[in-house]
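# Reading the structure
One letter stands for each residue in the lines below.
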Amino acid sequence: MSNVDKIRVLSVIFLAPFLILIAFLFRFQILEGAKYKRIAEFNFVRVQTLYPIRGEIYDRHFRPIAVNEPATNLYILPARVKDLSEVADFINRHLPVTKEELRELIHQNRFRAYQELIVYRNLDYEKVVEMAEQLDRYPSLFFRTENMRHYTRNNHFTGYVGQISRSEYEETQKKREQERDLTTIQQQISYSINCQIGKTGLEKQYEEYLRGKNGYRMIQVDASGRNIRVFRDDLDLPPINGSDMILTIDLKLQDYIESIFPKGYNGAILVLDTESGGVLSYVSHPVFDLNMFSKTVGRDYWSDLVSDPSFPLMDRVTMATYPPASTFKVVMTAVALDNDIIQPNTRLARCTGSYQYGNRRYRCWLETGHGSLTLSDAIKHSCNVYFFDLSLRVDLPLIDEFMHDNYLLERTGIDLPTERRGFFPSVDWYVNRLGSSSLITGHKINLAIGQGEVLLTPLQVGTFFNAIANDGHWKRPFIFSRLIGVQNDMTSGSAESNNRQLSITPETLEFIQQSIYRGVNESGGTGIGARVPGSRVYGKTGTAQNAAGSDPHVWFAGYAGWDTPEITVVVIVENYPGTGGNTAAPLAGRIIRYYQDEIRPTNGLTLNDNPN
Amino acid sequence: MLILMAIGVIVIYSALTFQIGDEKHTSNEYLKQITWIIVSLILFFIVILIPYPLFDLIIIPAYFISLAMLLVVLTMPQIKGATRWIMLGPFQLQPAEFAKITTILLLAKALAKPYITDMQILFRLFAIGAPPMLLLLMQPDLGSTVIFGVIIFAILAFSDLSDYWLILTISPFIAIATSFYLPAFIIFIVLLLYVLHKLNLAWITIGFTAVFNVFIYFFMPFIWNGLKEYQQNRILTFLDPTRDPLGAGYQAIQSRIAIGSGLFQGKGFLEGTQKSLNFLPERHTDFVFSVIAEEFGFIGSMLLILIFYFFIYRLIRSLKAITDKEQRLAIMGIIALFTSQITINIAINLGIFPTTGLPLPFISYGGSSLLANTLAIGIIMKYLTEKSFIR
């Protein structure tokens, strides 16, 4: 074949595929064009995403905590808006949505004109009726009944769901892009701009399980976009609903504690299942209305919450740090005994109601003084002077090290998205703060009774006392127990890092247990208010002095057992008139008594025999 | 040739101004594309101006650099289920586009050696062609792998390889393609036997080739099971598009609706309705043809296809002026590259080929593809101008 011939042949060979393409083009555009035109212009075949139902949350006896309820939501389809200001006026007449808010909503999604956007959630029935009458004139607006989150109790552990924010949406989209192959629509956790997402608490922590997976349906939409019919129902991919969740919480106990929490005061009460570390009750006051966040939150409500001086949004169990007050004497005792600084029967400075160091007087809570005490008695009476004197013999780094070794400064790792660390001042910290180390001793005297710079969350104090109740076995606290109806390994607890050991010798531990038992059960003990006949209650009270003028924070931290220790109770009430002994301890006592009378008999019951 | 480039540039410009957003909002991608066009044209002239010996010297290192880039890309985070891009700050580099060209050049160089035996040709072909193809399959980039195959066959067909070896090399792939459908396979075997017989080969050779191909037929199920599920899905959906309209077939169906609804004269510039519905997620890249077809109708899209053919035709014509064997082979490879890329992309848009990520040369948005394609034309232009220097 000559060169020219070859080129001629090649030209023809390469022309062939182009001709085939033109032939197909002719077929689709000319022969079958009318068909496709009809599909394109009058019948949009669309993939409709079917959103899963969010998993519900129940307490350990299957009592509902977070459930789904139907709600009517108002949507807008921007592509069908003819006169935006007219639509905005209409909405504004009926709902608290301003023209600017609506414009902003549409502008943010301007590249997706056929993306439905949620305008307002959970309309009242009257409003729906009122607006529905005129809806014919606004083809861009429509109602849809969907599931809305409803919380049966206001609390700080479930958290709440809310409209996905722009940044959260982009993050989930990015994650989805990375995970999937573009050309196949896989079943996945995915969100639209209208979705709700767990914002805080368990709703956020376990979003993946609660959310479920999207399903899909092919639908045909007619020219008006209203008459939707299924295109081919054999192609449906049903959504996989979120998993229902069982918590360790006992709602009955939780309710009781909510009911006895001092009215008008702030604080936290935490009850743990001693053996496992599971949270039985998690109370933080004040609470706020969780259900407000499932609706379109009024800006007023939000700004009220944020500006409220009692910080109702703050979860006081994990996010508030307090000086542990006299509950800290347990730490001092362990440090002193395990480092052989004193012995259990060592008598230190005689308590005369105050203690002189340098030119400052440190006062014991009992003005008349406790006299000369052994260590055990000093714990029982919560004598400050004994611990003031002890503090002079204990080096600051020793305490710091003990706090580290016993997980008091790190986060406990409870299954909630946010948690604060504890704080204990180091020598360096003081040097930076005070300029020299010479003044540390004065501060150390205060630290010995848990005042001053040391700060712990109620959860940390609770976890520590729980470990004492467990003979030194430290358990990571948790709220999530298991999923319902899913073959899943998701159970909490068992992992290696969830079980640790306190660095306290068994002898010291036993001494501490005895001493805090005496503090509750012997007359003269500060925790006597927590005594419950029929139960072995152990505990330590605390009263954290505040800046002049305001009432102290009152503490009780302890545990109660019958054959073996069963529940660990931590009570803290902020700015409460009185002392830990005469306020917090009786509160703990009432909780333990209630547990003994009402909760304990129902323990061991399974889901099937619901006690209610 | 430069006129053709200009046409390409105009089409890119028009394609990119209408394709995103509605009439109120236009995304700024078209501005970026213009920047890329300028960069590409600069590169185009650089390639032409480089002295030929120097150009000859870069071929081998360039091949290994592109292999290295293909390796690097495997370590990158996945985008849309595959790793195709190297992130360089704000830029995303798609090394597959450059690997195609460097491989063509090296293959041409290696196979153009005089007095080369059939075995040597096949060995060199394998040594040079296999590494980039393997790396592409690992991404996985099915589309580019297919393009590579077409390029290699085109170069092979134009090389000194004897007809028998050519058939022996190509026939297994046809066997694979037809193994999905038994009657097609039988027709293929009969045709194969006929062609071999015509070549006056020994019966034993003919028998061996036939048995070899039949063996492949039975071996296919094992290879099939080795494919990733989504690749299997794509191939199955290609064979039966209604099988999965929600999944892989979705884009194909939507693209065809867009094309079909364009009718004879199209809906007009900026008037396309399908594109704004998000039916076509890749409308400014891989599915740009469907936007053109919807807005400019049969006339516009047929015109585009004819322009493309004219472009290919001009490339083929350029072979007339070139006598150097290496250059001829390289041009042949580039022609195969463009032809396969153009036709396969349009076929994907028409829904008659499985959906794989492939840009339409000079039209689709994307810097890497534009740069690489301009580079390829630059090389051919270089061959043509170089020749006149020698004369």
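On a predicted model such as this, the values are computed, not experimentally measured, just so you know. (Residues numbered from 1 in each chain as written. Chains lettered and ligands numbered in written order. Predicted model: local features only at pLDDT ≥ 70, side-chain atom pairs only at ≥ 80, totals over all residues.)

### Describing the overall build of chain B
Within chain B, the regular secondary structure consists of 14 helices and 2 strands. Scored against the burial criterion, the 391 residues of chain B give a buried share of 44%. For chain B, the proportion of contacts with a sequence separation of at least 24, taken over those separated by at least 6, is 68%. (Helix = DSSP H or I, 4+ residues; strand = E, 2+ residues; numbered from the N terminus. Buried ≥ 20, exposed ≤ 12 C-beta atoms within 10 Å, placed from the backbone. Contact = placed C-beta atoms within 7 Å.)

### Topic: the overall build of chain A
Broken down by element type, chain A carries 19 helices and 20 strands. Pairs at least 24 apart in sequence give 74% of the contacts found in chain A among residues at least 6 apart.

### Examining helix 4 (residues 95-111) of chain B
With 17 residues, helix 4 of chain B extends 24 Å from end C-alpha to end C-alpha; this agrees with the ideal 24 Å at 1.5 Å per step. Taken across its 17 residues, helix 4 of chain B has 16 buried, putting it largely inside the fold. (Expected span 1.5 Å × (residues − 1).)

### Some points on the environment of E295 of chain B
Here E295 of chain B is to be found in helix 12 (residues 288-321). Through-space distance from the C-alpha of E295 of chain B to that of A258 of chain B is 8.9 Å; in sequence the pair is 37 residues apart.

### Digging into the confidence of the model for chain B
Interpreting fine coordinate detail is not advised for predicted regions of low pLDDT. Residues and elements named next belong to chain B. Looking at chain B as a whole, its pLDDT mean stands at 71, while 62% of the residues score no less than 70. The least confident element of chain B, judged by mean pLDDT, is helix 1 (residues 2-18) at 52; the most confident is helix 13 (residues 325-350) at 84. Segment residues 15-26: pLDDT under 50, and 30 contacts once partners within four positions in sequence are set aside and those in other chains are kept. (pLDDT = per-residue confidence, 0-100.)

### Re the sheet that holds strand 11 (residues 267-273) of chain A
Residues and elements named next belong to chain A. Ordered by their spatial adjacency, 5 strands build an open sheet running 12-11-20-19-18, and the pairing between neighbours is antiparallel. Of all strands in the sheet, those with a lone pairing partner are strand 12 (279-285) and strand 18 (536-544), marking the two edges. Ignoring which end each strand starts from, the neighbouring axes of this sheet average 5° apart. Bridge count for strand 18 against strand 19 (residues 553-561) is 9 bridges, and the pairing is antiparallel. Within strand 19, the residue paired with A544 across the bridge is H553. Relative to strand 18, helix 18 (residues 506-521) is tilted by about 80°, and along the sheet it contacts strand 18 and strand 19. (Pairing = 2+ DSSP bridges. Axes fitted to C-alpha atoms, helices over the stretch in contact; angles between N-to-C directions.)

### Details of the pairing of strand 10 (residues 244-247) of chain A
All names here are of chain A. Two elements, strand 2 (residues 57-58) and strand 10, share 2 bridges in a ladder whose sense is parallel. For I57, the partnering residue across the bridge sits in strand 10 and is M245. Relative to strand 16 (residues 480-484), strand 10 is paired through 4 bridges, and the arrangement is antiparallel. Bridged to D244 within strand 16 is I484.

### Quick word on the nonpolar core
Counting 117 residues, the largest nonpolar core has L270, I479, V569, V571 and A588 of chain A as its most contacted members. Counting residues per element, this core draws most heavily on helix 19 (residues 580-599) of chain A, at 8 residues. Once you skip the residues sitting within four places of it in the chain, L270 of chain A turns out to touch V279, Y282, V317, P458, L459, G462 and V570 of chain A. Grouped together as the second largest cluster of nonpolar side chains are 82 residues, I37, Y309, L360 and I379 of chain B included. (Core = buried A, V, L, I, M, F, W, Y, C linked by C-beta atoms within 7 Å.)

### Regarding the packing of helix 12 of chain B against helix 13 of chain B
All names here are of chain B. The contact between helix 12 and helix 13 brings their axes to 11 Å, and the two run at 165°. The angle between helix 12 and helix 13 falls in the class roughly antiparallel. Both helix 12 and helix 13 take part in a crossing whose hand is left-handed. Where helix 12 abuts helix 13, its residues F289, S290, I305, F308, I312, L315, I316, S318 and L319 lie against R328, I331, I334, I335, F338, T339, I342, N345, I346 and N349. Per-class residue counts for the contact of helix 12 with helix 13 are 13 nonpolar, 5 polar and 1 charged. (Parallel < 35°, antiparallel > 145°, perpendicular 65-115°, else oblique. Left-handed = near helix turned anticlockwise from the far one by under 90°. Nonpolar A, V, L, I, M, F, W, Y, C, P; charged D, E, K, R; others polar.)

### So, unusual backbone geometry
All names here are of chain A. P286 follows H285 through a cis peptide bond whose omega is -5°. Its identity as a non-glycine residue notwithstanding, N122 has a phi of 55°, on the positive side. The topology assignment puts N122 in the loop between strand 4 (117-120) and helix 5 (125-132). Judged by the 19 C-beta atoms lying within 10 Å of it, N122 is partly exposed. Despite not being glycine, Y407 has its phi angle at roughly 60°, a positive value. Looking at where Y407 falls in the secondary structure, it is placed in the loop between helix 14 (396-405) and helix 15 (427-434).

### Digging into the packing of helix 9 (residues 251-260) of chain A against helix 19 of chain A
Helix packing geometry: the angle between the two helix axes and the distance between the axes. Residue and element names in this part refer to chain A. Two numbers describe how helix 9 lies on helix 19: the axes approach to 11 Å, and their chain directions differ by 150°. Of the two elements, helix 9 crosses helix 19, and the hand of that crossing is right-handed. Along the contact surface, helix 9 presents K252, L253, Y256, I257 and I260, while helix 19 presents L587, R590, I591, Y594, Y595, E598 and I599. Looking at side-chain class alone, the contact of helix 9 with helix 19 contains 9 nonpolar, no polar and 3 charged residues.

### A look at helix 19 of chain A
When helix 19 of chain A is considered as a whole, its buried residues turn out to be G580, G581, T583, A584, A585, L587, A588, G589, I591, I592, Y595 and I599 of chain A. Where helix 19 of chain A is buried, its residues meet helix 9, strand 11, strand 18, strand 19 and strand 20 (565-573) of chain A.

### Thoughts on the pairing of strand 3 (residues 64-76) of chain A
Residues and elements named next belong to chain A. Bridge count between strand 2 and strand 3: 2 bridges; the pairing is antiparallel. Counterpart to I57 in the pairing with strand 3 is A66. With antiparallel pairing between neighbouring strands as the criterion, strand 2 and strand 3 make up a hairpin whose turn holds 5 residues, including F62 at a positive phi of roughly 65°. Across 11 bridges, the pairing between strand 3 and strand 5 (residues 141-151) is antiparallel. The residue bridging A71 from the neighbouring strand is E146, located in strand 5. As judged from the 3 bridges shared by strand 3 and strand 4, these two strands associate in the antiparallel manner. Bridging across to strand 4, I76 finds its partner in L117.

### A closer look at the environment of L272 of chain A
Residues and elements named next belong to chain A. With respect to the helices and strands, the residue L272 is situated in strand 11. Here L272 falls in the buried class, since 28 other C-beta atoms lie within 10 Å of it. Considered as a pair, L272 and N466 are 194 residues apart in the sequence and their alpha carbons are 7.5 Å apart. Sequence-distant contacts of L272, defined by excluding residues within four places in its chain, comprise G277, G278, V279, L280, G462, N466, P477, I567 and T568.

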